[in-house]
Amino acid sequence: MNPAIETTQLKDIVAHAKEYGFVFQSSEIYDGLQAVYDYGPNGVELKNNLKRLWWESMTQLHDNVVGIDAAIFMAPQTWEASGHVAGFNDPMIDNLDSKKRYRADVLLEDKAAEYERAGDPARGAALTAEMGRLLTENDLAGVRQLILDEKILCPVSGTGKWTEVRQFNLMFSTQGSSVDADAPPVYLRPETAQGIFVNFLNVQKSARMKIPFGIAQIGKAFRNEIVARQFIFRMREFEQMEMQFFIRPGTEMAWYETWKAARRRWHEALGLPAAKLRFHDHDKLAFYANAAVDIEYEFPFGFKEMEGIHSRTDYDLTQHQNLSRKKLQYFDNDLDPATGKAYGNYVPFVVETSVGADRLFLATLSNAFTEETITEGEGEAQQTKTRTFLKLHPAVAPIKAAIFPLVRKDGMPEKAQEIFDELRFDFRLVLEERDAIGKRYTRQDLIGTPFCIVVDGQTLEDNTVTVRHRDTREQTRMPIADLRAYIGEAVSFRRIFEKL
Ligand code: GAP
């Protein structure tokens, strides 16, 4: 795809998100804080719906998955055990002329994508593989040399004068104690997963879980990203939806494949097109993982990671067990068919699924953003125009239906209010009386409302209304008494769940 088009599309989406109350730059009146965003009235509804969909599909549809909500702050030892203090780094490089800082791996990935766009995917793949090898070996001089060999230039200064590549820890920290200046820093968690690992036995015992079982969590995570860009794709404060699935050692590859397929199905059921989703095996496996794949989505700036599925072995639990000196083991009294004896005590292995709520939001919003050419009016009054609307799945749309009296008289506003008061117990609705009906439709199209219900003269005679459909603009007349079931059916998570 032409990069100019990609950028335009992203710009349109960013502008739309601001104008229609989906996403705002954080503290905008002070010129913003880089890579931090706020969700507006429609954004928070859409995001909450996505989170609820994930939560219910994890906990409600699986007998063996339960949830927790762990604190953001954790004992500092957590991050030593997990390896984040020593190794949660990104390789950074500075340009000597512009003084701008970049992630060395991102510069190389962008170059690889450039080869791909230019029709030479093999060269792109070779470059990514070489970068993966150098990073795995922590050969930072080699990474710098690769940047020089590829003649990568700073987009700001246009020069190739680069510093050495250095590792930069991504964790934010704050003072843990107000009285003890020597107290170790408390970190803002860079992933929610560790709150699950340290609670493994609490959950297993209190909820009487038997392996295999999972623990799901939605919560904020923080990373001091060097390169913060592409809108809400890479943020410093973001939200993760993670599920750690605890299993018997030796079964991890089968579970890894099961969750890989299940998570891809989930995105497709939500309406993300199969052609815009792909798996991407990690070029550089973390030292504790024995398999890892990203589910990538084709964002307006290309295919990028939306979710990670990782087989994390028993690394995290063993590390916490060693540092805390508390046993984090499970007694498995199922019989091993090979020996005829119980499997006994072991540290479980873990397969995790980890999706960013904000990246899922961006994927959903970009996929829904639709511009179509339509013809309106007849004869001489006929005109062609572009209609912009959000083709969101009704189950996640911020507003499920808008109710409009056709005119502000003849009892229509009162009737519309009556319908609104009845349906608001079930659905998030708006009631709008102002402006011409066409303008009101447009406003709802722009925020993705699937149905507009119009109260007109006939409503007062026979208690029927018209229901206008966002995607087709077609209108159907139906009894008011049928609205609840009709809307309920369309916006229910059930239709999505049935596809999983
Ligand atoms: N517990 C595993 C873990 O944290 P990760 O691949 O580093 O793995 C998982 O992150 C997901 O979290 C990513 O696939 C992405 O959706 C989201 N994510 C990570 N960093 C992010 C950031 N800076 N901004 C927004 N989302 C991010």
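This is a predicted model, so every value here is computed, not measured.

Caption draft 1: Summary view of the overall build of the protein. A count of helical and extended segments in the protein gives 17 helices and 23 strands. With respect to the principal axes defined by its C-alpha atoms, the protein has extents near 75 × 65 × 55 Å. Each of the 500 residues in the protein was classed as buried or not, and the buried ones make up 51%. Put simply, 65% of the contacts in the protein that link residues at least 6 apart link residues at least 24 apart. Summed over its atoms, the accessible surface of the protein is roughly 23,800 Å², and 50% of this surface lies on carbon and sulfur atoms. Side-chain charges in the protein split into 62 positive and 73 negative, and the spacing between the mean points of these groups amounts to 2 Å.

Caption draft 2: Up close: the domain arrangement of the protein. Each assigned domain of the protein is listed here: domain 1 (18-78 + 170-365) and domain 2 (392-497). With centres defined by C-alpha atoms, the gap from domain 1 to domain 2 works out at 37 Å. The junction of domain 1 with domain 2 conceals about 1,400 Å² of combined surface from both sides, 74% of it contributed by carbon and sulfur atoms. One can count 1 salt bridge joining domain 1 with domain 2.

Caption draft 3: Geometry of the environment of I196. Relative to the elements of secondary structure, I196 occurs in helix α8 (residues 193-198). On the accessibility criterion, I196 (0% relative accessible area) is buried. For the pair formed by I196 and K99, sequence separation is 97 residues and the distance between their alpha carbons is 40 Å. In this structure I196 touches I68, I215, A216, Q217, E242, Q244 and F246, once residues within four positions along its chain are discounted.

Caption draft 4: Inspection of the site of the ligand at higher detail. Around the ligand, a shell composed of 21 residues is seen, among which E191, E225, E242, E305 and M306 lie nearest. Take E242: an N or O atom from its side chain is 2.4 Å from a nitrogen atom of the ligand. Compared with its free state, where it exposes 560 Å², the ligand has 92% of that area covered by protein. The set of elements that each furnish at least two residues to the shell around the ligand consists of β10 (237-247), β13 (302-313) and β16 (349-356).

Caption draft 5: Seen up close, the sheet that holds strand β12 (residues 291-299). Reading across from one edge, β3-β9-β10-β16-β13-β12-β11 is the order of the 7 strands in this open sheet, with mixed pairing throughout. At either margin of the open sheet sits one strand with a lone partner, and together these are β3 (65-67) and β11 (277-281). Averaged over neighbouring strand pairs, the angle between their axes works out to 25 degrees when direction is ignored. Bridging between β11 and β12 involves 5 bridges; their strand directions are antiparallel. Along β12, the bridge assignment pairs F279 with I295.

Caption draft 6: View of the sheet that holds strand β20 (residues 429-431). As summarised here, the arrangement of the 5 strands in space is β20-β19-β21-β22-β23, forming an open sheet in which the pairing is mixed. The strands lining the two open edges of the sheet, one partner per strand, are β20 and β23 (475-479). On average, each strand axis in the sheet is inclined to that of its neighbour by 25 degrees, with strand direction left out of account. Where strand β22 (residues 464-469) and β23 come together, 5 bridges link them in antiparallel fashion. For T464, the partnering residue across the bridge sits in β23 and is P479. Those strands touched by helix α14 (residues 437-447) are β19 (401-405), β20, β21 (451-455), β22 and β23, and its axis lies near 170 degrees from that of β19.

Caption draft 7: Spatial organisation of the pattern of salt bridges. Inspection of every chain in the model, using the stated rule, returns 40 salt bridges. Residue R428 pairs with E45 through a salt bridge whose shortest N-O separation is 2.9 Å. On the criterion of sequence distance, the pair formed by R428 in the loop between α13 (412-423) and β20 and E45 in helix α2 (residues 41-59) is long-range, its members being 383 residues apart. One salt bridge in this structure joins R264 and E268, with 3.0 Å as the shortest N-O distance. Here the residue R264 and the residue E268 both occupy positions in helix α10 (residues 252-269), the gap between them amounting to 4 residues, near one helical turn. One network of salt bridges, with partners in common, ties together K47, K51, E239 and D358.

Caption draft 8: Layout of the packing of aromatic side chains. Considering all chains together, one arrives at 19 aromatic pairs under this definition. Between F197 and F246, the ring centres sit 6.3 Å apart and the planes meet at 90 degrees, which makes this aromatic pair edge-to-face. Of this pair, F197 sits in helix α8 while F246 sits in strand β10; the two residues are 49 residues apart in sequence, bridging distant segments of the chain. Taken together, the ring pairs connect F197, F200, F213 and F246 into an aromatic cluster. When the ring centre of Y343 is taken as origin, the NZ or CZ atom of R248, which lies over that ring, is 3.7 Å away. The residue whose ring lies beneath R263 is W266, and the NZ or CZ to ring-centre distance is 4.4 Å.

Caption draft 9: Representation of the environment of E461 within the structure. Counting through the fold element by element, E461 comes out in helix α15 (residues 457-462). A C-alpha to C-alpha distance of 50 Å links E461 and S26, two positions 435 residues apart in sequence.

Caption draft 10: Highlighting the side chain of R236. Mapping R236 onto the fold places it in the loop between β9 (213-222) and β10. Despite its burial, R236 pairs with no opposite charge; the closest candidate is E225, at 7.2 Å N-O. When sequence neighbours within four positions are dropped, the list of residues in contact with R236 reads Q34, A35, V36, F172, A221, F222, R223, N224, E225, I226 and A228.

Caption draft 11: Examining the pairing of β22 more closely. Of all 6 residues making up β22, 6 are buried, and the element is well covered by its neighbours. Where burial is concerned, the two faces of β22 agree: the one with T464, T466 and R468 and the one with V465, V467 and H469 are both buried. Bridge analysis of β21 against β22 gives 4 bridges, and the strand direction is antiparallel. Each residue of the ladder has a partner; that of C452, found in β22, is R468. Two successive antiparallel strands, β22 and β23, enclose a turn made up of 5 residues, where R473 displays a positive phi of approximately 65 degrees.

Caption draft 12: Representation of the packing of α2 against helix α12 (residues 357-368). At their nearest, the axes of α2 and α12 sit 10 Å apart, and the two run at 110 degrees to each other. Of the possible angle classes, the one that applies to α2 and α12 is roughly perpendicular. Considering only the axes of α2 and α12, their crossing is right-handed. The segment α2 lies against α12, with G43, L46, K47, L50 and K51 engaging A357, D358, L360, F361 and T364.

Caption draft 13: How the structure looks around the side chain of H84. By the secondary structure assignment, H84 is in helix α4 (residues 84-87). Discounting chain neighbours no more than four positions away, the residues touching H84 are W79, N169, M171, P190, E191 and Q194.

What counts, and where the lines are drawn
Residues numbered from 1 in each chain as written. Predicted model: local features only at pLDDT ≥ 70, side-chain atom pairs only at ≥ 80, totals over all residues. Heavy atoms only, no water. Helix = DSSP H or I, 4+ residues; strand = E, 2+ residues; numbered from the N terminus. Buried < 20%, exposed > 50% of the residue type's maximum accessible area, 1.4 Å probe, protein only. Contact = heavy atoms within 4.5 Å. Areas by Shrake-Rupley, 256 points an atom, 1.4 Å probe, with all protein chains shown as cover. Lys, Arg positive; Asp, Glu negative; His and termini not counted. Charge placed at Lys NZ, Arg CZ, Asp CG, Glu CD. Domains from an automatic or database assignment. Buried area = accessible area lost by both parts, 1.4 Å probe. Salt bridge = Lys/Arg side-chain N within 4 Å of Asp/Glu carboxyl O. Near = heavy atom within 4 Å. Polar contact = N/O pair within 3.5 Å; in protein donor to acceptor, adjacent residues only side chain to side chain. Pairing = 2+ DSSP bridges. Axes fitted to C-alpha atoms, helices over the stretch in contact; angles between N-to-C directions. Phe/Tyr/Trp six-rings, centres within 6.5 Å; stacked < 30°, edge-to-face > 60°. Lys NZ or Arg CZ within 6 Å of the ring centre and 35° of its normal. Parallel < 35°, antiparallel > 145°, perpendicular 65-115°, else oblique. Left-handed = near helix turned anticlockwise from the far one by under 90°.

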